[in-house]
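Fold and contact review
Given next are the chains, with one letter for each unit.
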Amino acid sequence: ELEVFEGAIDLLSYCDIYDDYKTNKLALGMIADAPLETFLKENQNIRIIRLCLDNDGPGRVASSILKDKYESRGYKVMDLPWKSTGSYWKILSKL
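Now for a description of the structure that goes with this document. (Residues numbered from 1 in each chain as written. Predicted model: local features only at pLDDT ≥ 70, side-chain atom pairs only at ≥ 80, totals over all residues. Heavy atoms only, no water.)

Regarding the pattern of salt bridges
Applied cut-off: Here, a salt bridge means any Lys or Arg side-chain nitrogen found within 4 Å of an Asp or Glu carboxyl oxygen. For the exposure calls, accessible area comes from a 1.4 Å probe over protein chains only, and a residue counts as buried if that area is under 20% of its type's maximum, exposed if over 50%, partly exposed in between. Secondary structure elements follow DSSP: runs of H or I of four or more residues count as helices, runs of E of two or more count as strands, with numbering from the N terminus.
Applying the stated criterion across every chain yields a total of 9 salt bridges. Linking Asp20 and Lys25 is a salt bridge whose minimum nitrogen-to-oxygen distance equals 3.2 Å. Neither Asp20 nor Lys25 differs from the other in exposure class; each is buried. Ionic pairing is found between Lys69 and Asp33, a salt bridge with its closest N-O pair at 2.7 Å. With Lys69 in helix α3 (residues 57-71) and Asp33 in the loop between β2 (25-27) and α2 (34-42), this pair connects stretches of sequence that are 36 residues apart. Under the relative-accessibility criterion, Asp33 is labelled buried at 14%. Residues joined in a network through salt bridges with shared partners are Glu1, Glu3, Asp20, Lys25 and Arg50.

Quick word on the packing of aromatic side chains
Heads up, the condition is: Here is the rule: rings of Phe, Tyr and Trp (six-membered ring for Trp) pair when centre to centre is within 6.5 Å. Planes less than 30 degrees apart are stacked, more than 60 are edge-to-face, and the remainder are tilted.
For the coordinates displayed, the defined rule picks out 3 aromatic pairs. For the pair Phe5 and Tyr14, a centre-to-centre distance of 5.2 Å together with 50 degrees between the ring planes defines the contact as tilted. When sorted by exposure, Phe5 lands in the same class as Tyr14, which is buried. Ring geometry for Tyr14 against Tyr18: centres 4.9 Å apart, planes inclined by 45 degrees, an arrangement best described as tilted. Linking Tyr14 with Tyr18, this pair stays in helix α1 (residues 8-18), spanning 4 residues, or about one helical turn.

And the structure:
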């Protein structure tokens, strides 16, 4: 399984909020999927992708495109929009 985030801060926020530092995660650093393509080529055991892109216009469009693309390649893809608004504040409040 792989959880895919739009940005590194989203991935780190998720890890901190859910205390999850052991599962496979990837930050795209964009809404294009070049890093995802590389990760999947290097980790062919991955069959489930959870798209945790931002819950804004570009994130929703990208999630839809990526979901269709990777489902057509045989992956099970779940679209789980990451509500990044406020997550930064949760981290900062722990400092």
